[in-house]
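# Structural characterization, general
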Amino acid sequence: MNDSPLKKSNDSYTQNLYKLELENSYTCVEVLHDSPTGRTEKVIDSAGATHIRKYLPLSDGVLSTAAQLISIDSPHLARLENFYLFGDKVVLIIQYIEGMTLREYINTVGPLSLSQTMSLLSGVFTGVELLHALLPTPLIHRDINPNNIIINKGNAYLIDFGIARTYDSTQQADTHNWGTKGYIAPEQIGYGKSVPQSDIYSLAASVLFALTGDDATLNIEASLSQSTLPEPIKNVIRKATSISSAERYQTVREFQEALKGALISLGPQSAHAFPPP
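Rules used in this analysis
Residues numbered from 1 in each chain as written. Predicted model: local features only at pLDDT ≥ 70, side-chain atom pairs only at ≥ 80, totals over all residues. Heavy atoms only, no water. Buried < 20%, exposed > 50% of the residue type's maximum accessible area, 1.4 Å probe, protein only. Helix = DSSP H or I, 4+ residues; strand = E, 2+ residues; numbered from the N terminus. Pairing = 2+ DSSP bridges. 1 Å grid on protein atoms, 1.4 Å probe; cavity = no way out; pocket = protein on both sides within 12 Å on 5 of 7 lines; lining within 4 Å. Points joined across faces, edges and corners; volume = space filled by probe spheres on them. Nonpolar A, V, L, I, M, F, W, Y, C, P; charged D, E, K, R; others polar. Core = buried A, V, L, I, M, F, W, Y, C linked by side-chain atoms within 4.5 Å. Contact = heavy atoms within 4.5 Å. Polar contact = N/O pair within 3.5 Å; in protein donor to acceptor, adjacent residues only side chain to side chain.

Burial of strand β5 (residues 89-95) is extensive: five of the seven residues sit out of reach of the surface. Pairing analysis gives seven bridges linking strand β3 (residues 50-57) to β5, with the strands arranged antiparallel. Bridging across to β5, isoleucine 52 finds its partner in isoleucine 94. Pairing geometry for strand β4 (residues 80-86) and β5, over six bridges, is antiparallel. Of the residues in β5, the one forming a bridge with leucine 80 is isoleucine 94. The hairpin formed by β4 and β5 contains two residues between the paired strands, and glycine 87 there has a positive phi angle of roughly 65 degrees.

Here the largest pocket is characterised by a volume of approximately 890 Å³. Forming the walls of the largest pocket are 33 residues, and the residues nearest its centre are His33, Thr40, Lys54, Asn148 and Asp160. Looking at the lining of the largest pocket, the elements with two or more residues in it are β1 (27-35), β2 (38-44), β3 and β5. Looking at the lining of the largest pocket residue by residue, the class counts come to 11 nonpolar, 14 polar and eight charged.

The next point concerns the nonpolar core. Within the largest apolar cluster, 62 residues are counted, with the highest numbers of intra-cluster contacts made by Leu102, Leu121, Phe125, Ile149, Leu203, Ile233 and Phe255. In this structure leucine 203 touches Val124, Phe125, Val128, Ile144, Val252 and Phe255, once residues within four positions along its chain are discounted. Formed by eight residues, the second largest nonpolar core is a distinct cluster that contains Leu22, Val43, Tyr84 and Val91.

Now for the sheet that holds strand β6 (residues 100-101). Pairing in this open sheet of three strands is antiparallel, and the strands run β6-β8-β9 from one edge to the other. Edge strands, defined here as strands with exactly one partner in the open sheet, are β6 and β9 (155-158).

It is worth spelling out the environment of serine 115 at this point. Mapped onto the elements of the fold, serine 115 is located in helix α4 (residues 114-120). Residue classification places serine 115 among the partly exposed residues on the basis of a relative accessible area of 25%. For the pair serine 115 and lysine 260, spaced 145 residues apart in sequence, the C-alpha separation works out to 8.5 Å. Within the local environment of serine 115, its side chain forms a polar contact with the side chain of serine 113, the two groups lying 3.1 Å apart.

This is the structure we're talking about:
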C-alpha cells in the first residue's frame, strides 16, 4: 500500500484519497485500548499480516516524534512501520510482537532473581539506551512499565511509543501528565519536564516488579521498605528512583553497571529469586 500511485501526488485531494486507501487497507480484529487520549487496535493488512494501529490526538511533538521513530530499526523495539494524518488524528502503524507482557510472564512464573531479571531485560536496556542516544535530540519513551514490555522466547521487547517525545531542553514542564501509576517519574506528574532519567526511573520500577511480582507505589521507598530484597539491590533501585532526576543514574549504562555491581556483591545468592515478605 505504501507504493500506491496516489502517494506520489502533491495534490491535497489525491493525498486524502491515499490516506483513505491506506486506512481501509487494514481491518481491525481487536480493540486493545480506547480512551479520550487515543485508541489502539490489533489489525491485519490485505496480505493477512498483523500490526498495531494507534490513533493519537494531533498535539505538540507527535509528528516530530513519529518522524524520529520511523528511522529506528532495532531488534529490541517495536518498529514504527508507517504514520499519517487522518482527520484530527495521527495514525501509527506499528510492528506487532507476539508474546506475553512482562506482567503476564511474572504472574505465570513468579518473581525472578537479579541475574534472571538482568538477562531477560537486557534487550530493553539496549533499546532504551538507543533511544536516548538519538541525534539531534534523545527520545524519551515516558511509559516503560510491565505492560509495555513483551516477552517472547526468552527475549524482551519494548512496545507502545504513544506518549514518547523528543527531549526539549527549552521546555519547563510537560504539557500533559501521562504515564502509568507506580512507574511514572515525579517530573512527569507536575514536578518538571520529562528527561532521559525519567525512563531510568521507570526501568528501575519495572526491574523491581520483576524481582518482587508487586507493583511499586507512588512512594517507591515504601515499596522497597516492605520488600525482602537484599540491601545492595534496594540501594541501586533507590538511587535510580530518586525524586530528583539529577540524583539518579544519568544513563542506562550507568544503571545497568550498578545492577551488575549488586549482582557481584551478592555472589551465589543473586542466582535465586527472593522470597516475598
